[in-house]
Amino acid sequence: MSKFDLEECAKTAERIRKKAIDEGRWIDNPSEEEMRRLVAEEPGIKQSVYGNFVAESEPTSRAAMFTENSVDAPFGEEERRLLVQCERSLAKETLICVDRVVGNRDSKTTVRLIVPKDFAHSAYGGGKLFLAPSWEVKEPTYQILFFTDGSFEANKKKPLPEKDISIRLAMLDDGRMVKVCRNSNYIGEYKKGVFAAEDWNAKARGGIFLHAGCREDYLQSVHGDYRTSRTCLLALSANGKTSTTCRILARKGKEKSWLIQDDGGALMPDGSFHGFECSGVFVKTEGVNPGDQQEIYYGLLKPQTLCENVHINGDRYPDFYKVDRTTNGRAVIPRRDFMHASSYIDVEKVDNLILITRGPMIPAIVKLDLHQTVAMMILGQAMESSAGDPTKAGKIRSEFFYDPFVCGDRAEHANRFYEILKGLPHMNFYLLNTGGVGEGIRYKEITLEHTMAILDSLLRGGLEDWEDSPTGFKIPKAIRMVDDIYLHPEKLYTDEEFEEKQKKIDKFRRKALRKVGDDIPPEIKKVFKTKRK
């Protein structure tokens with residue numbers, strides 16, 4: 001069998017396009033009005049009392065377990081069959097094409113989504129994440145195609161691990177990417193296809209792509225002066241990244257809080273951060289209410305917002321608490337309807353890098369040094385959510401760099417991150433626990449109010465005194481409005497229990513570092529070998 005030519009993926013997409021155009025089955029970049037008409041005709045679509053559309057996707061989450069990329073898993077006969085199947089399936093369909101710009105308004109990186117007409121909501125919602133180009137796109141940088149076969153309907157009755165799905169990402173040498181999705185119309189597959197391509201290509205530009213939100217705050221410090229700070233918050237999906245990035249801290253005088261980007265961007269060697277979604281915000285809707293998350297809540301009620309897997313009651317009102325079908329309700333909110341979304345998605349300097357984690361032995365916030373930061377990124381300790389694998393939601397897991405979309409050599413990736421951070425001595429590093437401390441009857445939940453109180457104190461310069469913790473990190477001596485117990489998980493265990501559990505955690509962490517390979521610098525490898533007092 002001849003070697004698989006990745007160029008065949010792009011050629012297949014082009015043949016599909018030309019055949020549909022020739023046969024009058026091609027709906028090219030429909031207007032907002034036409035797109036809404038197409039969505040209204042999609043089977044199963046509902047419209048809320050606010051005028052926004054609500055769709056049900058299949059599956060209700062990403063399908064990572066069925067996904068492979070050409071960098072980490074060389075393509076072969078299986079991928080040839082997938083392309084043939086895709087071309088045959090889409091040869092019978094009326095197709096919607098949506099071209100968009102990836103990045104800021106000056107970017108020339110483009111993405112083309114091709115979907116059957118019955119998947120109109122994917123094109124409508126996904127298309128709102130990125131800007132429409134002001135020119136005709138002839139050769140898109142990225143292409144993403146959705147199609148189905150006879151297993152699509154049967155999959156609806158099966159848990160995710162038992163579904164029949166295939167997803168492939170071909171990373172071409174010149175920076176192009178083609179993603180083919182069989183049996184999924186989840187908007188997240190489109191979004192994360194672009195994410196994965198940007199993740200891979202950021203390295204060629206000299207930077208590193210982070211699964212991070214970015215916020216900018218202009219706040220009065222504890223010393224009375226006003227300070228601007230830019231903060232990146234990194235996390236696995238549904239671990240608190242969007243909530244902490246989006247919540248407004250400004251509350252008086254000249255203060256301002258801006259959402260720069262909620263889910264990804266490239267950190268460059270000069271310390272700048274460059275987002276990739278300039279038009280919309282992809283949010284999780286479970287439990288959203290005007291008391292805790294007003295910034296997101298009111299955006300969900302706008303007519304141009306597209307909801308996916310959100311319950312609509314008999315009166316056509318959305319119910320963000322009813323999660324019988326899935327806890328992974330999602331929505332794409334246009335940035336113009338997000339009350340404090342900035343007019344820009346890039347910042348010239350990042351001041352704070354905050355890793356978001358969950359685990360009963362981790363204080364609510366700790367200060368990290370450079371080596372600990374790199375080690376904790378490699379570890380990527382987080383909690384699985386319904387956005388990843390609904391059958392394992394709630395379990396603590398390890399995900400390299402909090403990023404399921406990393407391609408290529410992991411040690412090389414980690415070392416690039418290390419080299420970039422070494423050149424940014426102004427940057428501060430923190431670890432934020434958004435879950436809870438302790439276990440069983442002694443468990444103490446860390447609420448969103450606790451987390452935002454911590455961020456408020458941190459960004460106002462109120463956490464100036466730090467001390468050593470038996471967890472191996474540094475913790476603040478006190479936080480205004482947050483009880484000390486959240487900084488001292490060791491107090492929720494006996495001395496023997498804590499010591500034993502800490503040894504197991506460090507062993508787990510060392511194993512995670514070893515898995516990345518021998519090319520990790522020795523100073524990173526020994527981070528979790530320090531003898532504790």
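Above this text is the structure in question.
My aim in this report is to walk through the structure given alongside it, one point at a time. It should be emphasised that the depicted structure is a prediction, and the values quoted were computed from it without experimental measurement. Starting afresh in each chain, residues are numbered from 1 along the sequence in its written order. Restriction of local features to residues with pLDDT of at least 70 applies here, the model being predicted, together with a cutoff of 80 or more for giving and counting side-chain atom pairs; totals for whole chains, interfaces and linings are based on all residues. Hydrogen atoms and water are omitted, and side-chain values are computed over all heavy atoms in the structure.

1. Focus on the overall build of the chain
Broken down by element type, the chain carries 13 helices and 30 strands. Radius of gyration: C-alpha atoms only; globule rule: 2.2 Å multiplied by the number of residues to the exponent 0.38. Its C-alpha radius of gyration of 23 Å places the chain within 12% of the 24 Å reference for a compact globule of 533 residues. Dimensions of the chain, computed from C-alpha atoms along their principal axes, come out at roughly 75 × 55 × 45 Å. We call a residue buried when its accessible area falls under 20% of the maximum for its residue type, exposed when it is over 50%, and partly exposed in between, using a 1.4 Å probe and counting protein chains only. Here the chain, with 533 residues, has 61% of them falling under the buried criterion. Any two residues whose heavy atoms approach within 4.5 Å are treated as being in contact. Pairs at least 24 residues apart make up 75% of the contacts formed inside the chain by residues separated by at least 6 positions. In the structure as shown, the chain presents an accessible area of about 22,200 Å², 47% of it carried by carbon and sulfur atoms. In this charge count, Lys and Arg are treated as positive and Asp and Glu as negative; neither His nor the chain ends contribute. Charged side chains are reduced to one point each, which is NZ for Lys, CZ for Arg, CG for Asp and CD for Glu. In the chain, the 82 positive side-chain charges and the 82 negative ones have mean positions that sit 2 Å from each other. A helix here means a DSSP run of H or I that spans at least four residues, while a strand means a run of E at least two residues long, and both kinds are numbered starting from the N terminus. To measure how exposed things are, a 1.4 Å probe is used in the Shrake-Rupley method; for residues, cover is taken only from the protein chains shown.

2. Notes on empty space enclosed by the protein
Points on a 1 Å grid over protein atoms alone make up a cavity when a 1.4 Å probe fits among them but cannot get out, and a pocket when they form an open set with protein on both sides within 12 Å along at least five of seven lines; lining residues each have an atom within 4 Å of a point. Grid points are joined across faces, edges and corners, and a volume is the space filled by probe spheres set on the points. Counted under the stated rule, the structure contains four cavities of 30 Å³ or more. Volume-wise, the largest cavity comes out at about 50 Å³. If you go around the largest cavity, the residues you meet are Cys9, Phe75, Glu79, Leu82, Leu83, Arg168, Leu169, Ala170, Val178 and Val180. Those elements that place two or more of their residues in the lining of the largest cavity are α3 (77-90), β8 (166-171) and β9 (177-182). Gly is put with the polar residues, along with every residue not named as nonpolar or charged; the nonpolar set is Ala, Val, Leu, Ile, Met, Phe, Trp, Tyr, Cys and Pro, and the charged set is Asp, Glu, Lys and Arg. Partitioned by chemical class, the residues of the lining of the largest cavity number eight nonpolar, no polar and two charged.

3. What to know about α3
Each α-helix turn comprises 3.6 residues. Residues three or four places apart therefore point the same way. For a helix, the expected span equals 1.5 Å multiplied by the residue count minus one. The end-to-end C-alpha separation of α3 is 20 Å, in line with the 20 Å expected for 14 residues at 1.5 Å each. All buried positions along α3 are accounted for by Glu79, Leu82, Leu83, Cys86, Ser89 and Leu90. Down the axis of α3, the buried set is contained in an arc of 135 degrees. They therefore lie on one face. Directions pointing from the helix axis toward each C-beta atom define the arc.

4. Observations concerning the packing of aromatic side chains
Pairing of aromatic side chains requires ring centres within 6.5 Å, counting the rings of Phe and Tyr and the six-membered ring of Trp. Pairs whose planes differ by under 30 degrees are stacked, by over 60 edge-to-face, and all others tilted. Applying the stated rule across the entire model yields 18 aromatic pairs. Judged by centre distance (5.1 Å) and plane angle (80 degrees), the ring pair of Phe401 and Phe417 falls under edge-to-face. Pair noted here: Phe401 is in the loop between β25 (396-398) and α10 (410-422) and Phe417 is in helix α10, with a separation of 16 residues, a long-range link. Taken as a pair, Phe401 and Phe417 share a single burial class, namely buried. Ring pairing ties together the aromatic residues Phe130, Tyr190, Phe195, Phe209, Phe276 and Phe405, which thus form one cluster. Counted as over-ring charges are cases with an Arg CZ or a Lys NZ within 6 Å of the ring centre that also lie within 35 degrees of the ring normal. The cationic tip of Lys422 hangs over the ring face of Tyr418; the distance from NZ or CZ to the ring centre is 4.6 Å.

5. Examining the side chain of Thr471
As for its placement among the helices and strands, Thr471 is situated in the loop between β29 (466-468) and β30 (474-476). For the purposes of these results, a polar contact is taken to be a pair of N or O atoms within 3.5 Å, where, inside protein, one atom must be able to donate a hydrogen and its partner to accept one; residues adjacent in sequence count only when each atom of the pair is a side-chain atom. Polar side-chain contacts of Thr471 include one of 2.8 Å to the side chain of Ser469.

6. Things to note about the state of the cysteines
Working definition: a disulfide is two cysteine sulfur atoms within 2.5 Å of each other. Under the definition given, this model contains zero disulfides. Looking at Cys214, it has no disulfide partner, and the nearest cysteine sulfur is the one in Cys232, 4.1 Å off. Summary of cysteine pairing: Cys278 is not part of a disulfide, and the nearest cysteine sulfur, belonging to Cys214, is at 13 Å. Given the relative accessible area of 8%, Cys278 is considered buried.

7. Thoughts on the pattern of salt bridges
Here a salt bridge means any side-chain nitrogen of Lys or Arg lying within 4 Å of a carboxyl oxygen belonging to Asp or Glu. Per the counting criterion, the structure on display carries 45 salt bridges. In this structure, the salt-bridge partner of Arg176 is Glu7, at a minimum N-O distance of 2.7 Å. Of the two residues, Arg176 sits in the loop between β8 and β9 while Glu7 sits in helix α1 (residues 7-22), which places them 169 residues apart along the sequence. Ionic pairing is found between Glu419 and Lys422, a salt bridge with its closest N-O pair at 3.0 Å. Here Glu419 pairs with Lys422, and both are found in helix α10, just three residues apart, close to one helical turn. Judged by its relative accessible area of 48%, Glu419 falls in the partly exposed class. Residues participating in the shared-partner salt-bridge network are Lys191, Lys192, Lys241, Asp263 and Glu277.

8. Section: the sheet that holds strand β16 (residues 280-284)
Adjacent strands of a sheet pair through backbone hydrogen bonds, lying either parallel or antiparallel. Note on pairing: DSSP must find at least two bridges between two strands before they are called paired. The strand order across the open sheet built from five strands is β2-β3-β17-β20-β16, with neighbouring strands paired in mixed fashion. Looking at the sheet topology across the chains shown, the edges are occupied by β2 (46-47) and β16. Here strand β3 (residues 53-55) runs beside strand β17 (residues 306-308); their pairing, made up of two bridges, is parallel. Opposite Ala55, over in β17, you have Glu308 as the bridge partner. Fitted lines through C-alpha atoms serve as axes, helices being fitted only where they are in contact, and the angles separating the N-to-C directions of these axes extend from 0 to 180 degrees. Along the sheet, helix α6 (residues 187-204) makes contact with β16, β17 and β20 (330-334), crossing β16 at roughly 125 degrees.

9. Focus on a nonpolar patch on the surface
Two distance rules govern patches: like charges are joined within 9 Å, and nonpolar side chains (Val, Leu, Ile, Met, Phe, Trp, Tyr) within 5 Å, applied only to residues with over 30% relative accessible area and no salt bridge. Together, Val49, Tyr50 and Tyr317 line one region of the surface with nonpolar side chains, adding up to about 240 Å² of accessible area. Counting through the fold element by element, Tyr317 comes out in the loop between β18 (311-312) and β19 (318-319).

10. Topic: the side chain of Asn328
Locating Asn328 in the fold gives a position in the loop between β19 and β20. A residue is classified by how much of its surface remains accessible, and Asn328, at 0% relative accessible area, is buried. Side-chain polar atoms of Asn328 contact the side chain of Tyr186, separated by 3.0 Å.

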